[in-house]
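Structure at a glance
The chain contents come next:
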Amino acid sequence: SKRKFSKVLGFAVFALWCSFLWTIHLSKEQQRLEKLEGHLRAASERGVAFNRRWEETEISQFRVERLIHMDPETFSKDYEKTVPFILENATAYWPARSAWSFARMGKTSHRKVRLKNGKKLGNFIDLLQNPVNQYTRQSCDPKYSIIDNAALNTFPDLQLDYLTPPFCALGAPSANFLPRLMGRMKHFGSRYLILGNAGGGASFHKDFWNTAFWNAVVHGRKRWVLIPPSESLSIDRLAAWHSMSALEWFEQAYPQVLSERIKHYSFNANAGDLLFVPASWWHVTLNLEPSVGVSENMLTDGNFPIVFNTAICLGFPWFKISPGTPVGYSYMEKSYTVQRKQTDTACSTLNRMKPDLVRLTCCVNASDPMI
């Protein structure tokens, strides 16, 4: 009958239409996969070229010691104040070695960790893992690298994934009491979760109040340059270097360091390495691969005079704003205001925590650690 024929014809047309749409979908999916494979292949090629360019070379006349063990007494006596070093395979037994890979952190409960900028860790990892963003000039953009001091405090489970090095643990001669200070100040403070793509990193700086710190690479690889406080760097140069991204610093400023023979330590830190840097050292890092790490600032009895005198001087002296300050320095004003509030609170808290140490430090006419 005509009605039956119409139904069959309608079904046939519908089936042909669905087949046509499915063919278009498969074609687009094939194109998407080919484009994705192209991005992955290009990212891999750029990654090989990037790593080859920034491979460690023996151009630094000073080498950072690589050790397999550091006992607290030796650290306090010989290393704490002036000697940086690397502990190899220091993170070998950390749960973070398996829990903090991009793949695991992107799927577990870590995805829900909220960062200081208000975004969730999972969304940031998705951004990093997009192959379009890997090993490109965009990688040096701040949105592809983060140094966050909120996650480890708001999500305590993360703190269970790593261990404080024995040389600065509670009970050691150089025990780190900065976390207690930050806790009393109700400030997020001194522990940092660090993630970023190749090309990202930390720009040229000293840590707040000139504190010492340790930094562990859980996954990936980083290039470091350290400049000791004994090197005299002009205010104009510091301002210029401070405004550069990590990649820009290595491309533009590092050749100046080499040509002018500025004393520095240049080296690569590999997955598992834990680096210690004394108080008041300038430093800059460049991710050679997508990297995950953790860092903690250190305030101990040994470096207390440097840190306390720096806090009294409102952090970095060249942050001070005067009526004749050039326009290029205006970005420092906000940092100055913030540090003024923090250091006032810190100094009063330190007076309560370490009265004897504060009294002794105030009696010593310490030289400016920034010079």
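Structure: see above.
A short tour of the structure in this document, coming up. This one's a predicted model, so the numbers in the text were calculated from it and none came from an experiment.

Things to note about a nonpolar patch on the surface
A cluster of nonpolar side chains, contributed by W17, F20, L21 and I24, occupies part of the molecular surface with about 390 Å² of accessible area. Here W17 lies in helix α1 (residues 2-53).

Side note on the sheet that holds strand β1 (residues 65-67)
Read across the open sheet, the seven strands follow the order β1-β2-β9-β6-β11-β4-β3; overall the sheet is mixed. Looking at strand neighbours, the two that pair on one side only are β1 and β3 (145-148), the edges of this open sheet. Across the sheet, the mean angle separating the axes of adjacent strands is 20° when strand polarity is ignored. Pairing between strand β4 (residues 191-196) and strand β11 (residues 291-298): six bridges, direction antiparallel. Paired with L193 across the two strands is V294, which belongs to β11.

Comments concerning the environment of A239
Note on placement: A239 falls in helix α8 (residues 235-242). As a C-alpha pair, A239 and H205 span 34 residues in sequence and 10.0 Å in three-dimensional space.

A look at the pattern of salt bridges
Counting across every chain of the model gives five salt bridges. With a closest N to O distance of 3.4 Å, R191 and E296 form a salt bridge. In this pair, R191 sits in strand β4 while E296 sits in strand β11, placing the two residues 105 residues apart along the sequence. Look at E296 and you get buried, because its relative accessible area is 3%. Each of R66, E88 and D273 takes part in one network of salt bridges that share partners.

Remarks on α8
Two residues of an α-helix separated by three or four positions point the same way, owing to the 3.6 residues in each turn. Of all the residues in α8, the buried ones are L238, A239 and W241. Buried residues in α8, looked at end-on, bunch into an arc of 170°, giving them a common side.

Some details on the side chain of D207
Relative to the helices and strands, D207 is located in the loop between β5 (201-205) and β6 (212-219). At a separation of 2.7 Å, a polar atom in the side chain of D207 contacts the side chain of N297.

What counts and how
- Residues numbered from 1 in each chain as written.
- Predicted model: local features only at pLDDT ≥ 70, side-chain atom pairs only at ≥ 80, totals over all residues.
- Heavy atoms only, no water.
- Patch = residues over 30% accessible without salt bridge, like charges linked within 9 Å, V, L, I, M, F, W, Y side chains within 5 Å.
- Areas by Shrake-Rupley, 256 points an atom, 1.4 Å probe, with all protein chains shown as cover.
- Salt bridge = Lys/Arg side-chain N within 4 Å of Asp/Glu carboxyl O.
- Helix = DSSP H or I, 4+ residues; strand = E, 2+ residues; numbered from the N terminus.
- Pairing = 2+ DSSP bridges.
- Axes fitted to C-alpha atoms, helices over the stretch in contact; angles between N-to-C directions.
- Buried < 20%, exposed > 50% of the residue type's maximum accessible area, 1.4 Å probe, protein only.
- Arc of directions from axis to C-beta.
- Polar contact = N/O pair within 3.5 Å; in protein donor to acceptor, adjacent residues only side chain to side chain.

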